[in-house]
Amino acid sequence: MRFGFAGGIVVVLLLALAILGYGSLFTVYQTKQALVVRLGDPRRVVTDPGLHLKSPLIDSVIYIDKRILDLESPPQEVIASDQKRLVVDAFARYRIEDPLKFYQSVGTIEGARSRLSTLLVSALRRVLGEATFIQVVRDERPQLTQRMREQLDREAAAFGIVVVDVRIRRADLPEQNSQAVYERMKTERQREAAEFRAQGAQKGQEIRSNADREATVIVAEANSQGEQIRGEGDAERNRLFAEAYNQDPDFFAFYRSMTAYENGLKSGDTRFLLRPESDFFRFFGSPSGKSAASAAQGSGAAAAASKP
């Protein structure tokens, strides 16, 4: 009976010691850092990973992430220094450097994100409000984000937080402004296209006009040379005819008459309204081409010349 009662006491004591021993130990992982709090009062900060001791029952442990955390900000409309409106989408990366100050100022990650989001928007408006649209969009974005990080880091130091990086994901005109810019760009491109087409049409018209003018000149020169060559041929033909006529007038007259017969007496139509004694038919009555009256006169003259 005594042994049973004493054994139960021992078991209870051992169980109590086990509970106290378990309550005096806590583990810190590589991605965490711990804040030991005694009755609501922070006592110490543990950043080394491993197994650590604390006072059982009166100490509690608050684990705080020591990895780099992200902070997303909703798109904000900002007015640049040249009075142009911008829709800016920015984000930040931060790390909890001082767990005690973090716990005393914001308490939780959600509280830190709420406070940092407000500070990020404020830094974004201050820095980008001093820059022009071109500087934000193209020329000085890295310098501007560096200034934003420095300002946010200074203000976040009061929360035990170190800001690692701040970036601008997108900086663009508002939707209505973008549509207006696109329409203006479209109109400008259409104007340039119409101008190029007009210049092309004008150039084509000039080329066609020059081609027509050159063709007219070439044809005129060719016609002139052709007429000149034909004139020279006609002159040469007339000269040859004249030489032939002078060499044998009778044969030349016979040849010309034969040519006239060939051209005039076509097959199928041989009607002529001429007198029979016309010179056109002089070779029909006499091979020499002389009429009967001319032949009689010629023979009479010959006989008179033969009388003594």
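As the structure is a prediction and not an experimental result, all values here were calculated from the model.

### What about the overall build of the protein chain?
Consideration 1: When its secondary structure is counted, the protein chain shows nine helices and nine strands.
Consideration 2: Looking at the 308 residues of the protein chain, the share that counts as buried comes to 23%.
Consideration 3: The long-range fraction of contacts in the protein chain, counting pairs at least 24 apart against all pairs at least 6 apart in sequence, stands at 62%.
Consideration 4: Surface exposure of the protein chain reaches about 21400 Å², of which carbon and sulfur atoms provide 57%.

### Thoughts on the pairing of strand S1 (residues 25-28)
Consideration 1: Here S1 shows a clear split, with Phe-26 and Val-28 buried on one side and none of Leu-25 and Thr-27 buried on the other.
Consideration 2: Direction of pairing for S1 relative to strand S4 (residues 50-53): antiparallel, over a ladder of four bridges. Paired with Leu-25 across the bridge in S4 is Leu-53.

### Some thoughts on unusual backbone geometry
Consideration 1: Phi at Gln-83 is positive, roughly 65 degrees, even though this residue is not glycine.
Consideration 2: Residue position: Gln-83 is located in the loop between strand S7 (76-79) and strand S8 (85-96).

### Regarding the side chain of Gln-76
Consideration 1: Secondary-structure assignment places Gln-76 in strand S7.
Consideration 2: Among the polar contacts listed, one links the side chain of Gln-76 to the backbone oxygen of Pro-74, at a separation of 3.2 Å.
Consideration 3: At 3.2 Å, the side chain of Gln-76 forms a polar contact with the side chain of Arg-125.
Consideration 4: What Gln-76 contacts, discounting residues up to four positions off in sequence, is Leu-86, Val-87, Val-88, Val-121, Leu-124 and Arg-125.

### Comments concerning the pattern of salt bridges
One side chain can pair with another of opposite charge once the charged atoms of both are near each other.
Consideration 1: Tallied over the entire structure, the rule returns 17 salt bridges.
Consideration 2: The residue Arg-169 makes a salt bridge to Asp-89 at a minimum N-O spacing of 3.3 Å. Taken together, the positions of Arg-169 in strand S9 (residues 161-172) and Asp-89 in strand S8 put the pair 80 residues apart, joining distant regions of the chain.
Consideration 3: For Glu-236, the salt bridge identified is with Arg-239, shortest N-O distance 2.2 Å. In this pair, Glu-236 and Arg-239 are both assigned in helix H6 (residues 175-247), three residues apart and thus about one turn of the helix distant.
Consideration 4: Connected through salt bridges with shared partners, the residues Glu-72, Asp-89 and Arg-169 form a single ionic network.

### Re the sheet that holds strand S2 (residues 32-38)
Consideration 1: Strand order in the open sheet made by the three strands is S3-S2-S5, with antiparallel pairing throughout. One side of each edge strand has no neighbouring strand; the edge strands of this open sheet are strand S3 (41-46) and strand S5 (59-65). Between one strand and the next, the sheet's axes are offset by a mean angle of 30 degrees, whatever the strand orientation.
Consideration 2: Note: S2 against S5, seven bridges, orientation antiparallel. Directly across from Gln-33, in S5, lies its bridge partner Ile-64.

### Let's talk about helix H3 (residues 109-129)
Consideration 1: Relative to the 30 Å expected for 21 residues at 1.5 Å per residue, H3 spans 29 Å between its end C-alpha atoms, a close match to the ideal helical length.
Consideration 2: Those residues of H3 that sit buried are Gly-111, Ala-112, Leu-116, Ser-117, Leu-119, Leu-120, Val-121, Ala-123, Leu-124, Val-127 and Leu-128.

### Here we look at the confidence of the model for the protein chain
In regions of low pLDDT, the predicted coordinates are not meant to be interpreted in detail.
Consideration 1: With 77% of its residues at a pLDDT of 70 or more, the protein chain has an overall mean of 80.
Consideration 2: Of all the helices and strands in the protein chain, helix H9 (residues 292-306) carries the lowest mean pLDDT, 44, while helix H5 (residues 141-156) carries the highest, 92.

### Comments concerning the nonpolar core
Consideration 1: Membership of the largest hydrophobic core comes to 34 residues, with the highest contact counts inside it found for Val-88, Leu-116, Leu-128, Leu-152 and Ile-161.
Consideration 2: Among the secondary structure elements, those contributing two or more residues to this core are strand S6 (69-72), S8, H3, helix H4 (133-139), H5 and S9.
Consideration 3: Among the elements that line this core, the one with the most residues is H3, at seven residues.
Consideration 4: Ignoring sequence-local partners within four residues, the contact set of Leu-128 consists of Val-78, Ile-79, Ala-80, Ser-81, Val-88, Val-136, Leu-144 and Ile-168.

### As for a nonpolar patch on the surface
Consideration 1: Taken together, the side chains of Phe-241, Phe-251, Phe-254, Tyr-255 and Met-258 make up a nonpolar region of the molecular surface, amounting to roughly 460 Å² of accessible area.
Consideration 2: Broken down by element, the nonpolar patch gets its largest block of residues, four residues, from helix H7 (residues 249-264).
Consideration 3: As for its placement among the helices and strands, Tyr-255 is situated in helix H7.
Consideration 4: Relative accessible area serves as the criterion here: at 43%, Tyr-255 is assigned to the partly exposed category.

What counts and how
Residues numbered from 1 in each chain as written. Predicted model: local features only at pLDDT ≥ 70, side-chain atom pairs only at ≥ 80, totals over all residues. Heavy atoms only, no water. Helix = DSSP H or I, 4+ residues; strand = E, 2+ residues; numbered from the N terminus. Buried < 20%, exposed > 50% of the residue type's maximum accessible area, 1.4 Å probe, protein only. Contact = heavy atoms within 4.5 Å. Areas by Shrake-Rupley, 256 points an atom, 1.4 Å probe, with all protein chains shown as cover. Pairing = 2+ DSSP bridges. Polar contact = N/O pair within 3.5 Å; in protein donor to acceptor, adjacent residues only side chain to side chain. Salt bridge = Lys/Arg side-chain N within 4 Å of Asp/Glu carboxyl O. Axes fitted to C-alpha atoms, helices over the stretch in contact; angles between N-to-C directions. Expected span 1.5 Å × (residues − 1). pLDDT = per-residue confidence, 0-100. Core = buried A, V, L, I, M, F, W, Y, C linked by side-chain atoms within 4.5 Å. Patch = residues over 30% accessible without salt bridge, like charges linked within 9 Å, V, L, I, M, F, W, Y side chains within 5 Å.

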